[in-house]
Amino acid sequence: MLYLTSDDFPIFVPFGVIGFYRYLWYLIRLAAATTYRPIPLPENPTYIASEDVTIIVPTIDAGEEFKEAANSWLVGKPKEILIITEEKMLGPLQDLANQRLQMSHGIKNTTTDIIVFADDDAIWPPTMLPYVLACFEDQKVGGVGTSQRVQSVGSRMTVWEVLAAFRLTIRNIEIASSTHIDGGLPCLSGRTAAYRTVILKDPDFLHGFTHDYWLGKYQLNSGDDKFLTRWMVSHGWNTYVQCCKEVELLSTMKPNWRFLKQVLRWTRNTWRSDLRSLFMERHIWTSHPYVAYTMVDKLFNPLTLLVGPCLVSYLMYKSTIPVDQGGYHLPWNILLSYFVWLSATRTLKLMPHLWHQPEHIIYTGWGTRAGIGDASAATAALAAQDKMQDEKNNNPYQQQRSYSVNEASPFADEPSPYRDDPNTPSSATPIFSTRHTGRKASVGHRRRAVEDDGVELQVGFAR
């Protein structure tokens, strides 16, 4: 690289400035994450899981990992577990499943002080709940998150799962550092997050949560964890993340190219939410300035990511011109130097992950700054999936029953979708309440008590 700079040093200055900036802030984040400390267990806890915790699990397509996840929740002995689900629906109705409506019904039927939302594949360590509840000893804390790690679906991780593992390792560093620096974080991940029930029972919250629109006309179903985090910030509540082995959950990821679809969805949610936080709500600037900086940094990431390839392409073009006419050295020198730099810096950035799983070093060339692959591949994969879905919908054997979307749309504004009146028509929302309220149970309602652990497990089905 020094040999190349002998031609024309100034051309490398922008490249060096951007690299210095990126890795200086990475070292700052790494130092902050290293000095971060989780909140220890109190001697006399205010909150006890068996009395104060309700776990809410919205799901429509749980896999085999749900059994292991449910067993891990029961180990913590919460007071009750509300599983809010739907019966399998054919055709277009299955696309109408709305996780926010499921969560709002769980909130309305909770009687404990603390609500814990969990994905149906989130596998907890036995010490999860005590360490999460320890953060609520501070009465200013309204939401608590956890660190995460990837659990392989098969006997060994696929390349997609390794990329997801890279992503979670970087995320764990980012949330630990932001929590340590200014007490905030960009998002309390929906895989597992705990909140004070009094915050979520607020009618204003329930209305905003189930009537959240992008640009005033596109109702949002995903991004519920981003909405919850923004609500904490805008209403003066503190958040905290417990990053330690005692609260490190395991979660499965898509073991194939469909992981790119997940990344595409997460990226869309991040951009929508961060733009709102920075330029519409603007509470983040005064509450958590460091988190605001990281949000702005992510907005410019795509641009700075392109600087390297563009500069290298320009230098390779210039290398086709003789040196005595203002050209540079051979193009393969430039290209080789660039790939050596990429490999070295990516390996350095992923060293916290490779320290624990060194066998993943062969995948370091696949990742980007966020630990993912080419974003354009996600768009192509999504287009292919849509094409397959269209072909399936055109299959006459898949159309033996028709539905009217207007009859059961969960997106209707009137009547309110978070109403909990059993005598009202079910067309307002296809999801029933899942906690027993003393009323006569509907046909689709099931409830089961786990007597050995004293945990009431309740499941609601919607028709």
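The rules behind the values
Residues numbered from 1 in each chain as written. Predicted model: local features only at pLDDT ≥ 70, side-chain atom pairs only at ≥ 80, totals over all residues. Heavy atoms only, no water. Helix = DSSP H or I, 4+ residues; strand = E, 2+ residues; numbered from the N terminus. Buried < 20%, exposed > 50% of the residue type's maximum accessible area, 1.4 Å probe, protein only. Areas by Shrake-Rupley, 256 points an atom, 1.4 Å probe, with all protein chains shown as cover. Contact = heavy atoms within 4.5 Å. Polar contact = N/O pair within 3.5 Å; in protein donor to acceptor, adjacent residues only side chain to side chain. Salt bridge = Lys/Arg side-chain N within 4 Å of Asp/Glu carboxyl O.

**Things to note about the overall build of the protein chain**
- Regarding its fold elements, the protein chain presents 16 helices and twelve strands.
- Of all 463 residues assigned to the protein chain, the portion counted as buried reaches 49%.
- Accessible surface computed for the protein chain: about 23400 Å², of which carbon and sulfur atoms make up 59%.

**Some remarks on helix α9 (residues 203-210)**
- Among the residues of α9, those classed as buried are Phe-205, Leu-206, Gly-208, Phe-209 and Thr-210.
- Buried residues in α9 make contact with α5 (99-108), α8 (197-200), β8 (218-219) and α10 (224-234).
- Backbone nitrogen of Asp-204 and a side-chain oxygen of the N-cap are separated by 3.0 Å at the start of α9; the cap is Asp-202.

**Here we look at the pattern of salt bridges**
- This model, assessed by the stated rule, comprises eight salt bridges.
- For Arg-149, the salt bridge is made with Glu-248, and the minimal N-O distance between the two is 2.9 Å. You can see Arg-149 sitting in strand β5 (residues 148-150) and its partner Glu-248 sitting in the loop between β9 (238-242) and β10 (249-251), a full 99 residues away along the chain.
- The residue Asp-212 makes a salt bridge to Arg-276 at a minimum N-O spacing of 2.7 Å. Linking Asp-212 in the loop between α9 and β7 (213-214) with Arg-276 in helix α11 (residues 258-281), this pair joins segments that are 64 residues apart in sequence. The pair Asp-212 / Arg-276 is uniform in exposure class, with both members buried.

**Some words on the side chain of Asp-212**
- Here Asp-212 falls in the buried class, since its relative accessible area comes to 6%.
- Not counting residues up to four positions away in its chain, the partners in contact with Asp-212 are Arg-100, Tyr-218, Gln-219, Leu-220, Phe-227, Arg-230 and Arg-276.

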